[in-house]
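# Observations on the three-dimensional arrangement
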Amino acid sequence: MRALFTLLVFAAAAAAAVPYEQYILAPPSRTVRPISVFRQHGSLSSPETLLDHGTTGGNLALAGFNSSVTYDFGKNIGGLVHLDLSSAGNVGVTFSESSLWVSSEASDATADAGLDAPLVFNASQPGHYEAPADKERGAFRYLTVVNLGNNTVSVKDLWVHYTAMPHWEDDALRNYSGWFHSNDEQLNRIWYAGAYTNQLVTIDPKRGDALVHLGTISSNSTVEGTVDWWLNTTITNGTSALTDGAKRDRLVWSGDMAIAVPGIAVTTFDLISIRNALDSLFVLQSSNGQLPYAGYPFNEQGVVSFTYHLYALIGVGNFYLYSGDKAFLDEKWPAWKRGMQWATEQIDSTGLANVTAPNDWLRFGMGGHNIEANSILFYTLTLGADLARDEGDSATAEQYTQLASKIQQAAIPLLWQPSVGLFRDNETTTLAPQDGNAWAIRSGLVSSQTQRTAISRALQSRWGPYGAPAPEAADAVSPFVSGFELEAHFLAGRADAALALVRRMWGDFMLDDPRMTNSSFIEGYSVSGALHYAPYSNDARISHAHGWATGPTSALTTYVGGIQLLSDAGATWTIAPQPGDLAHVDTGFSTPKGKFSSKWTRTPHTFTLAISAPKGTKGRVGIPLPGTHRTAILTGGPVNGRVVHADDAGVYWVEGLRGGDYVFVAAGL
């Protein structure tokens, strides 16, 4: 409890000064009003009076049955609808994240078939009306008000009580502890849209689980009329929880957290919600060590996922990395080892895990000696060895290291396809998956720079106009898996490719396409650009605010800014920017140890890097030499006018730095 209190106090203090606040999409208060009229139908008057900063003193008048106005909030929001009515009447309200599903008859969807029912206010007299608590709508950009009766309805006021980040003060939703700014405005907007998406998916745990018709309505169901919906399930302890999506599923999914948690750490540092989510998974751990595919109540389906089991273990490592909360690690360590024991029991005589459960991120064909599953297992074993050493458990560290080595020795000769420069999914197919190849680099399974470059180039060669395909999921583009691919390009030393993917996929399409919310990131879509996601037959249920789609937010800080924490809360660190085609970047965030920042500018002949790291920490700095220069005069820190030479990646390393403020200038020779 003391550690949780410390994190809360830290988060409040770290957000005292918020740079680049103009990019933050979170509202300044929890009272949110629409900013424009998107559409109107039938006999009505004065719809603009309900807009934020609209004309005061008037009323929206909906004069006849089915007369309606669709209001646009300008960005994805979520919360409880409030109406002030100047007349009695029956008023319907519908919601949609995308403009595709705007309708006066139904909302977009949460179930596997059908559209969600309108929220209905049966007003017997004038007055104030508020949606019931279980009719909180988790995400919408568009809200339609429709007259369901024959008499004129007069609406004096309309607003939404914004409910995301419920544990933050009403006027503190914009108090970020991290920041990012570059000379590319689109990248700036993408970073902050990712941050905002992760705020939207942080919910009141008493308002969880949008899948209320799971098991009763399937993709094969024929739905007559609309589908009722509600939110009244408690999914975790505490006052906030990190979930997968704002509209749906509103459940704890460990895979989604693998992308969302680093993004949260470098933006809002809302680790309390992360811990509540992790705790909710570990309390459901089976006696054999197996962790659930998802949190309560989805766990009651009894579904097994090898990869999501590992993601839960990775979640503990990520929480410890950013928080430095050793008491948390001590508490979780026995359960963590039981979880790893279950995972390693799946390893057969080949040295690889033989996956028998088909469930993953809704991809198809998971099973056997799968390259994605084994790469994630390799990563988790390597992580476990580090955690074991922190726990003083050297025998376990050695065991995990040996198992990881055997996976590496077995996977590459069995699954590598040199003719295409990619791994195959398993030994029974030639399909080269996006997930497994991205994870082969991200996990460190592939140690050869030549092989990393080959994978990165081969993945890039498959891009379409709307992003990176995931052929293991038919025609899907997965922002989740593409987040790992994005990291793979950076880890291969190909920052230009990584930034090109961010701009093409997250910028031009996911942020700026008019069918999107222009503020939060979608769960998935088709390589054709259609807002169809292969695992679903009901396009209207696709989430447009999904934490697993926020990969660029952490990647831009970690790789372009170069700030990489290596141990608990940044006790050790590396700052090594990858500029790509950018001219300047300013980014940073704080942990309980203090502030980390990286601010750099470059010209064809100079590279200037200003860094800050907390006192009492230690690390190293990688300085990219400018332009095509392989030698430079370097000043700053312990270096004073020394001629330095770049390594194969064009970087000069300054080792053994103590925490503090430094400015390095490399002038090319």
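Here the structure is shown first, and the text comes after it.
Residues numbered from 1 in each chain as written. Predicted model: local features only at pLDDT ≥ 70, side-chain atom pairs only at ≥ 80, totals over all residues. Heavy atoms only, no water.

Glancing now at the overall build of the chain. The number of helices and strands found in the chain is 13 helices and 27 strands. Taken over C-alpha atoms, the radius of gyration comes to 25 Å for the chain, in line with the 26 Å a tight globule of 669 residues would show. Oriented by its inertia axes, the alpha-carbon framework of the chain measures out at about 80 × 55 × 50 Å. About 23300 Å² of surface is accessible on the chain, with carbon and sulfur atoms providing 50% of the total. Separation between the mean location of the 44 positive side-chain charges and that of the 61 negative ones in the chain comes to 6 Å. (Helix = DSSP H or I, 4+ residues; strand = E, 2+ residues; numbered from the N terminus. Rg over C-alpha atoms; globule rule 2.2 N^0.38 Å. Areas by Shrake-Rupley, 256 points an atom, 1.4 Å probe, with all protein chains shown as cover. Lys, Arg positive; Asp, Glu negative; His and termini not counted. Charge placed at Lys NZ, Arg CZ, Asp CG, Glu CD.)

Another point: the sheet that holds strand β22 (residues 606–612). Strand pairing in a sheet relies on backbone hydrogen bonds, with the paired strands running either antiparallel or parallel. Spatial ordering of the open sheet is given by β11-β20-β21-β22-β27-β24-β25, a layout of seven strands whose pairing is antiparallel. Among the strands making up the open sheet, the edge pair consists of β11 (179–182) and β25 (639–645). Between one strand axis and the next, the sheet turns by 15° as a mean value, whatever way the strands run. Two elements, β11 and strand β20 (residues 584–591), share four bridges in a ladder whose sense is antiparallel. Residue pairing in the sheet places W179 in a bridge with G588 of β20. (Pairing = 2+ DSSP bridges. Axes fitted to C-alpha atoms, helices over the stretch in contact; angles between N-to-C directions.)

In this section: the side chain of T144. Turning to its location among the elements, T144 is positioned in strand β9 (residues 137–147). Look at T144 and you get buried, because its relative accessible area is 3%. A polar side-chain atom of T144 sits 2.7 Å from a polar atom in the side chain of T70. (Buried < 20%, exposed > 50% of the residue type's maximum accessible area, 1.4 Å probe, protein only. Polar contact = N/O pair within 3.5 Å; in protein donor to acceptor, adjacent residues only side chain to side chain.)

Time to look at the pattern of salt bridges. As enumerated under the stated definition, the model contains 31 salt bridges in all. Residue R541 pairs with D112 through a salt bridge whose shortest N-O separation is 3.4 Å. One end of the pair, R541, is in the loop between β17 (525–526) and α13 (551–560); the other, D112, is in the loop between β6 (89–96) and β7 (119–123), and 429 residues separate them in sequence. Owing to a relative accessible area of 24%, D112 belongs among the partly exposed residues under this scheme. One network of salt bridges, with partners in common, ties together E97, D108, D116, R137 and K247. (Salt bridge = Lys/Arg side-chain N within 4 Å of Asp/Glu carboxyl O.)

Let us look at the environment of V155. Following the sequence through the fold, V155 ends up in strand β10 (residues 153–162). Each C-alpha atom, one on V155 and one on L62, is 8.2 Å from the other, the two residues being 93 residues apart in sequence. Leaving out residues up to four positions away in the same chain, V155 has contacts with L50, N59, L60, L83, D84 and L85. (Contact = heavy atoms within 4.5 Å.)

What follows is about helix α5 (residues 306–323). For α5, built from 18 residues, the straight-helix expectation of 26 Å at 1.5 Å per residue is met to within 8% by its first-to-last C-alpha distance of 26 Å. Across the 18 residues that make up α5, a large majority, 18, are buried. Residue G324 follows α5 closely and has a positive phi angle near 70°. (Expected span 1.5 Å × (residues − 1).)

Taken together, I633, V643 and L669 make up a surface patch of nonpolar side chains, about 250 Å² in accessible area. Judged by its relative accessible area of 47%, V643 falls in the partly exposed class. (Patch = residues over 30% accessible without salt bridge, like charges linked within 9 Å, V, L, I, M, F, W, Y side chains within 5 Å.)

Moving on: the pairing of β25. Judged from the six bridges that link them, strand β24 (residues 631–636) and β25 form a sheet pairing that is antiparallel. Looking across to β25, one finds that T635 is bridged to N640.

Okay, the packing of helix α3 (residues 254–265) against helix α11 (residues 479–491) next. Two numbers describe a pair of packed helices, the interaxial angle and the distance between the axes. One way to put it is that α3 packs onto α11 with a least axis distance of 10 Å and a crossing angle of 45°. One way to sum up the angle between α3 and α11 is to call them oblique. For the element pair α3 and α11, the recorded crossing hand is left-handed. Residues G255, D256, A258 and I259 of α3 form the contact with α11, whose participating residues are F480, G483 and F484. Residues of the contact of α3 with α11, tallied by class, amount to four nonpolar, two polar and one charged. (Parallel < 35°, antiparallel > 145°, perpendicular 65-115°, else oblique. Left-handed = near helix turned anticlockwise from the far one by under 90°. Nonpolar A, V, L, I, M, F, W, Y, C, P; charged D, E, K, R; others polar.)

Taken together, four strands build an open sheet; the order of strands is β18-β19-β23-β26 and the sheet is mixed. Each edge of the open sheet carries a strand with a single partner, namely β18 (563–565) and β26 (651–658). The average angle at which neighbouring strand axes cross in this sheet is 15°, direction not considered. Two elements, strand β23 (residues 618–624) and β26, share six bridges in a ladder whose sense is antiparallel. Bridging across to β26, K618 finds its partner in R658.

A few words on the nonpolar core. Of all hydrophobic cores here, the largest spans 201 residues; its most connected members are V81, L143 and L377. At 12 residues, α5 tops the list of elements feeding residues into this core. Every residue in contact with V81, bar those within four places of it in the chain, is listed here: V93, F95, L119, F121, Y129, E130, A131, L143, L158, W159 and V160. (Core = buried A, V, L, I, M, F, W, Y, C linked by side-chain atoms within 4.5 Å.)

So, about the environment of W229. With respect to the secondary-structure elements, W229 resides in the loop between β12 (202–203) and β13 (241–242). Judged by relative accessible area, which is 4%, W229 ranks as buried. Taking the C-alpha atoms as reference, W229 lies 6.5 Å from D116; in sequence the two are 113 residues apart. Those residues in contact with W229 that lie beyond four places of it in its chain are F95, T110, D116, A117, D134, K135, E136 and R137.

What follows deals with the pairing of strand β21 (residues 594–602). Both faces of the sheet carry side chains from a regular strand, because those side chains alternate between them. As paired elements, β20 and β21 share eight bridges and run antiparallel to each other. Its bridge partner lying in β21, V585 is registered against W600. Hairpin remark: β20 followed by β21, antiparallel, with two residues in the connecting loop. Judged from the six bridges that link them, β21 and β22 form a sheet pairing that is antiparallel. Its bridge partner being in β22, K599 is matched across the sheet by A610.

In this section: unusual backbone geometry. Following R248, the chain continues to D249 via a peptide bond in cis, the omega torsion being 15°. Counting through the fold element by element, D249 comes out in the loop between β13 and α3. Cis geometry marks the peptide bond from Y296 to P297; its omega dihedral reads 0°. By secondary structure assignment, the location of P297 is in the loop between α4 (271–282) and α5. Backbone geometry places N66, a non-glycine residue, at a positive phi of 70°. Here N66 shows up in the loop between β4 (60–62) and β5 (68–85). For N66, a relative accessible area of 23% gives the class partly exposed.

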